[in-house]
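Inside the fold
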Amino acid sequence: MLFEFDREETADGIARWLGPAEGLSILDCACGSGFPALELIRRGYDVTCTDGSELMLAHFRRNAGVEGLDVRPELVLWEDLPRRYAGQFDVVMNRGGGNYIYAGAWDEEGLADQSAMAEAIGQWVACVRPGGRFYVDITRAEDLERREEQSVVHPTLRIGRHTVDIAETISIDRTSGIRTWWSSLTVDGTERTFQRRSRYLRHDQLVDILKNCGLTDVRRTPVRGEYYDIYTGVRA
């Protein structure tokens, strides 16, 4: 996140899309370590924060403490969201580089199929009140359309006392429908390499899923500060 986002600029951009905070209820259903939920809460927004990973929520609570915010995120799996929050929120957000492409497969490092992605997204949409809005991200269109490998070397970051470098090579096999990352993470001169894979999901496929989940006015929405492309819709 530190390599891809300016925290304040992104939170400002999302806040402009959200509109005035007063009376607006928001669910961040993949809140992770707290970005941008904590930034939005500092701006006066009422954000309910959930995640399926206790490890991520431990980071969230630490970051909230650093910010001096009394925020209590909840450990909730996506499949349990509708039972707890069906139709309750003015806005439901899910950000994280299209994390639905790992739906049901993350823990086993497997590959989600499109039906699992659609099921996960449907669980989030179910928490939007009728007439409420939905906000989700996806890999940038130009990156999904590449035919050649994409190599990215991020500028060196100084994080606390540590020097951090990340380099990635990303490829798409359209025959198998698999997108693969080869990543090199160097912290204080010690390099670690790893690989991850996901299904390849195009923008038009995401739009079809969103419409099939009962959303109208589905559109690609420019949001200043967002690294990935954003799609929004309205629950009928």
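Scroll up a little and you will see the structure.
Right, let's walk through the structure included here. The shown structure was predicted, so the numbers you read here are calculated from the model rather than taken from an experiment. (Residues numbered from 1 in each chain as written. Predicted model: local features only at pLDDT ≥ 70, side-chain atom pairs only at ≥ 80, totals over all residues. Heavy atoms only, no water.)

1. A look at helix α5 (residues 114-125)
Quick note on the threshold: Each helix corresponds to a stretch of at least 4 residues labelled H or I by DSSP, and each strand to a stretch of at least 2 residues labelled E; elements are numbered beginning at the N terminus. Multiplying 1.5 Å by the residue count of a helix minus one yields the expected span of that helix. Summary of the burial criterion: residues with accessible area below 20% of their type's maximum are buried, those above 50% are exposed, and those between are partly exposed, where the area comes from a 1.4 Å probe applied to protein chains only.
For α5, which comprises 12 residues, the first-to-last C-alpha distance of 16 Å matches the rise-based estimate of 16 Å (1.5 Å per residue) to within 8%. Within α5 the residues assigned to the buried category are M117, A120, I121, Q123, W124 and V125.

2. Notes on the packing of aromatic side chains
What counts, and what does not: A pair of aromatic rings is counted whenever rings of Phe, Tyr or Trp (Trp by its six-membered ring) have centres within 6.5 Å, and the orientation is called stacked for planes under 30 degrees apart, edge-to-face for over 60 and tilted otherwise. Criterion for a charge above a ring: Arg CZ or Lys NZ at most 6 Å from the ring centre, at most 35 degrees from the ring normal.
Counted by the stated rule, this structure contains six aromatic pairs. Relative to W124, the ring of W78 has its centre 4.9 Å away and its plane inclined at 75°; by these criteria the two rings are edge-to-face. You can see W78 sitting in the loop between β3 (74-75) and α4 (81-85) and its partner W124 sitting in helix α5, a full 46 residues away along the chain. Owing to a relative accessible area of 0%, W124 belongs among the buried residues under this scheme. Aromatic side chains Y85 and F89 sit 5.4 Å apart centroid to centroid with 70° between the ring planes, which places their arrangement in the edge-to-face category. Of the two residues, Y85 and F89, both sit in the buried class. Through successive ring pairs, a cluster of aromatic residues spans W78, Y100, W124 and F134. One residue, R133, lies across the ring of W17, its end atom 4.4 Å from the ring centre. Above the ring of Y227, the side-chain terminus of R140 is found at 4.1 Å from the ring centroid.

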